[in-house]
Amino acid sequence: LAKTTQPISMDSYEGQEVNITCSHNNIATNDYITWYQQFPSQGPRFIIQGYKTKVTNEVASLFIPADRKSSTLSLPRVSLSDTAVYYCLVGNDYKLSFGAGTTVTVRA
Amino acid sequence: DGGITQSPKYLFRKEGQNVTLSCEQNLNHDAMYWYRQDPGQGLRLIYYSQIVNDFQKGDIAEGYSVSREKKESFPLTVTSAQKNPTAFYLCACAAGGNYEQYFGPGTRLTVT
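Residues numbered from 1 in each chain as written. Chains lettered and ligands numbered in written order. Predicted model: local features only at pLDDT ≥ 70, side-chain atom pairs only at ≥ 80, totals over all residues. Heavy atoms only, no water.

Undergrad: Help me understand the overall build of chain A, please; the structure alone is not making it clear to me.
TA: Within chain A, the secondary structure is distributed over zero helices and nine strands. For chain A, the α and β elements follow one another from N to C terminus as β-β-β-β-β-β-β-β-β. Against the compact-globule benchmark of 13 Å for 108 residues, chain A has a radius of gyration of 13 Å, which places it among compact chains. Viewed in the frame of its principal axes, chain A has a C-alpha envelope of about 40 × 30 × 20 Å. Put simply, of all contacts in chain A between residues at least 6 apart along the chain, 54% involve residues at least 24 apart. In the structure as shown, chain A presents an accessible area of about 5500 Å², 50% of it carried by carbon and sulfur atoms. Charge centroids of chain A, computed over 9 positive and 8 negative side chains, lie 5 Å from each other. (Helix = DSSP H or I, 4+ residues; strand = E, 2+ residues; numbered from the N terminus. Rg over C-alpha atoms; globule rule 2.2 N^0.38 Å. Contact = heavy atoms within 4.5 Å. Areas by Shrake-Rupley, 256 points an atom, 1.4 Å probe, with all protein chains shown as cover. Lys, Arg positive; Asp, Glu negative; His and termini not counted. Charge placed at Lys NZ, Arg CZ, Asp CG, Glu CD.)

Undergrad: Help me out: how do you make sense of the interface of chain A and chain B in this one?
TA: Size of an interface, as often reported, equals the accessible area lost when the parts are brought together. Between chain A and chain B, the contact holds 20 residues from the first and 25 residues from the second. Between chain A and chain B, roughly 1700 Å² of surface is buried when both sides are summed, and carbon and sulfur atoms account for 53% of that area. Considering only the surface of chain A that becomes buried against chain B, A:Y94, A:K95 and A:F98 emerge as the three largest contributors, covering 40% of it. Between A:K95 and B:D59 there is a salt bridge, with its nearest N and O atoms 3.4 Å apart. Summed over the shared surface of chain A and chain B, the number is eight residue pairs in polar contact (both at pLDDT 80 or more). Listed by contribution, the elements that provide at least two residues to the side of chain A that touches chain B are β3 (32-38), β4 (45-50) and β8 (84-91) of chain A. In terms of residue count, β3(A) provides more of the side of chain A that touches chain B than any other element does, four residues in total. Among the residues making up the side of chain A that touches chain B, the classes are represented as nine nonpolar, nine polar and two charged. (Buried area = accessible area lost by both parts, 1.4 Å probe. Salt bridge = Lys/Arg side-chain N within 4 Å of Asp/Glu carboxyl O. Polar contact = N/O pair within 3.5 Å; in protein donor to acceptor, adjacent residues only side chain to side chain. Nonpolar A, V, L, I, M, F, W, Y, C, P; charged D, E, K, R; others polar.)

Undergrad: Help me out: how do you make sense of the sheet that holds strand β7 (residues 70-75) of chain A in this one?
TA: Residues and elements named next belong to chain A. Spatial strand order, β2-β7-β6-β5: four strands in an open sheet with antiparallel pairing. Two strands lie at the open edges of the sheet, namely β2 (18-23) and β5 (53-56), each paired on one side alone. Sheet twist, expressed as the mean angle between neighbouring strand axes with direction ignored, is 15 degrees. With three bridges joining them, strand β6 (residues 61-64) and β7 adopt antiparallel strand pairing. Along β7, the bridge assignment pairs L62 with L73. (Pairing = 2+ DSSP bridges. Axes fitted to C-alpha atoms, helices over the stretch in contact; angles between N-to-C directions.)

Undergrad: So what exactly am I meant to see when it comes to unusual backbone geometry here?
TA: Negative phi values dominate among residues other than glycine, just as trans dominates among peptide bonds. In this model, B:S7 is joined to B:P8 through a cis peptide bond whose omega is -10 degrees. Take B:P8: it is sitting in the loop between β1 (4-7) and β2 (10-13). Here the phi dihedral of A:T53 falls at roughly 55 degrees; this positive angle occurs in a residue that is not glycine. Position of A:T53 among the secondary structure elements: in strand β5. The class of A:T53 is exposed, set by a relative accessible area of 52%. Phi is positive for B:N98, close to 65 degrees, though the residue is something other than glycine. (Buried < 20%, exposed > 50% of the residue type's maximum accessible area, 1.4 Å probe, protein only.)

If you want it as structure tokens, here you go:
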């Protein structure tokens, strides 16, 4: 399993863009990058998944450079309800590792 | 309404007792998972099942057991051999490996 490194926490304000970078230096050729969001006392929720370049959906964008050794989740114009823990997962199989994640706190 | 359910939401047990946590899904997904989450920590994989009648140990399987007799159901038994069972337990299902995982609401187990 590729090891991932994310910041422990990040602070932001409503309306700002939040970018969370995940390092995964030993990513394998077949590995995908997946991000989940978790609110307290709830199960994680899938946000986005990508393999290379850029992926965008209705809630976030995922930027993956050519070497794929890192990835950046971008949350546009965050609101208070985006306060949560965000997990970066790297793999291509059933066993995926949820690390400690990044706690994002959005303030008014 | 498709989804994944876990019951009960809260569970209290005395030390030395086995306890079974329920997980049911009607999304018709082949893969199911059990995770454990401790306060302030990420999720750790206990067991996973790729298909009915098959399951594999995750990273922290000791003291736990599972069964997968039906596609819809993946119960987890926390045995008395689990040294520190108090935790938040999450069940998930997915169409396959590395597919989007859909999580249940979780069961908070307290053992005293």
